[in-house]
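Structural features, examined
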Amino acid sequence: MSEFSFTLIFTLPENGQNPEQWVEALGAQGCDDALVGVGVTGRIALNFIREASDAKLAVVSAIQDVKRIIPGTVLVEVMPDLVGLTDIAELLGFSRQYIRKVMVSREAFPQPVHDGKTAIWHLEPVLRWMRETGVSKVPLPLVELSAVTRQCNLQRELASLDRNMQKQLGKL
């Protein structure tokens, strides 16, 4: 068994009760391994530290638990997935400057998902690259977790897209 640390963010049902009532229900019905936040109106965030045999089981079981306890809730995001240099540095215990130096000094650093004023990457390819190139001994459970969180977020995004357009784009 390994411990996996991740965050789930959900939109609460519109007819929802007072968010504090959900906090109590979550703790009593199987999510006692999460810190719960209700600071954003209409949303609930759960920071889990869940023991499981693998990352997929940890994340999927947590999503199922929340959806069972709060019917009608909608998953918004699973983290860690989309990250900037500061996030990568914090996760791995490096300075932001060191991660930036690694990024600019090596040609094969993964391409960002968004390259604007602030670049954003999916965490999984960055961790895999760092592990494969020997830049960092990234723990395998963290790589596994980043793959699962990315898959969850991409699946959620794909479900909201126009399927016909996706077929057309797939042929390009």
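Structural data are supplied above this passage.
Residues numbered from 1 in each chain as written. Predicted model: local features only at pLDDT ≥ 70, side-chain atom pairs only at ≥ 80, totals over all residues. Heavy atoms only, no water.

Here the largest pocket defines a volume of roughly 230 Å³. Breaking the lining of the largest pocket down by element, the ones donating at least two residues are β1 (2-11), β4 (74-79), β5 (82-83) and α3 (85-92). Considering only residue class, the lining of the largest pocket consists of 7 nonpolar, 3 polar and 4 charged. Roughly 160 Å³ of volume is contained in the second largest pocket. Together, G84, L85, T86, R96, R100, M103, P112, D115, K117, T118, A119 and W121 line the second largest pocket. Elements represented by at least two residues in the lining of the second largest pocket include exactly α3, α4 (96-105) and β7 (119-122). Looking at which element gives the most residues to the lining of the second largest pocket, the answer is α4, with 3 residues. A per-class count over the lining of the second largest pocket returns 5 nonpolar, 3 polar and 4 charged. (1 Å grid on protein atoms, 1.4 Å probe; cavity = no way out; pocket = protein on both sides within 12 Å on 5 of 7 lines; lining within 4 Å. Points joined across faces, edges and corners; volume = space filled by probe spheres on them. Helix = DSSP H or I, 4+ residues; strand = E, 2+ residues; numbered from the N terminus. Nonpolar A, V, L, I, M, F, W, Y, C, P; charged D, E, K, R; others polar.)

What follows covers the packing of aromatic side chains. Scanning the entire structure with this criterion turns up 4 aromatic pairs. When the centroid spacing of 5.3 Å and the interplanar angle of 15° are considered together, the rings of F6 and F48 count as stacked. Taken together, the residues F6 in strand β1 and F48 in strand β3 (residues 43-52) connect sequence positions 42 residues apart. No difference in accessibility class separates F6 from F48, as the two residues are buried. Geometrically, the ring pair formed by F94 and Y98 is tilted, given 4.9 Å between the ring centres and 40° between the ring planes. You can call F94 partly exposed: its relative accessible area is 30%. By relative accessible area, which is 31% here, Y98 ends up partly exposed. One aromatic cluster in this structure is built from F109, W121 and W129. (Phe/Tyr/Trp six-rings, centres within 6.5 Å; stacked < 30°, edge-to-face > 60°. Buried < 20%, exposed > 50% of the residue type's maximum accessible area, 1.4 Å probe, protein only.)

Below, the discussion takes up the nonpolar core. Formed by 27 residues in total, the largest nonpolar core has its most connected members in F6, L8, F48 and V59. The set of elements that each furnish at least two residues to this core consists of β1, α1 (19-28), β3, α2 (55-69), β4 and α6 (140-159). Broken down by element, this core gets its largest block of residues, 7 residues, from α2. Look past the residues within four positions of L8 in its chain and what remains in contact with it is I44, A45, L46, F48, V59, A62, I63, E77 and V78. If you look at the next biggest cluster of nonpolar residues, it comprises 20 residues, including A89, V102, A119 and L142. (Core = buried A, V, L, I, M, F, W, Y, C linked by side-chain atoms within 4.5 Å. Contact = heavy atoms within 4.5 Å.)

Where α3 contacts α4, the axes come no closer than 8 Å and their chain directions differ by 115°. Classified by the angle between their axes, α3 and α4 sit roughly perpendicular to one another. Taken as a pair, α3 and α4 cross one another with a handedness that is right-handed. Across the interface between the two elements, L85, T86, I88 and A89 of α3 pack against R96, I99, R100 and M103 of α4. Each residue belonging to the contact of α3 with α4 can be placed in one class, and the counts come to 5 nonpolar, 1 polar and 2 charged. (Axes fitted to C-alpha atoms, helices over the stretch in contact; angles between N-to-C directions. Parallel < 35°, antiparallel > 145°, perpendicular 65-115°, else oblique. Left-handed = near helix turned anticlockwise from the far one by under 90°.)

This part covers the sheet that holds strand β6 (residues 114-115). Taking strand neighbours across the sheet as the criterion, the 3 strands line up as β5-β7-β6 in an open arrangement whose pairing is antiparallel. Every other strand in the sheet has two partners, leaving β5 and β6 as the edge strands with one partner each. (Pairing = 2+ DSSP bridges.)

Let's shift gears to the pairing of β7. Direction of pairing for β5 relative to β7: antiparallel, over a ladder of 2 bridges. The residue bridging L82 from the neighbouring strand is H122, located in β7. Of the strand pairs in this sheet, β6 and β7 are connected by 2 bridges, and their pairing is antiparallel. Looking at the pairing, H114 lines up with I120 of β7. In textbook terms, the turn of a hairpin is the stretch between consecutive antiparallel strands, and for β6 and β7 this stretch comprises 3 residues.

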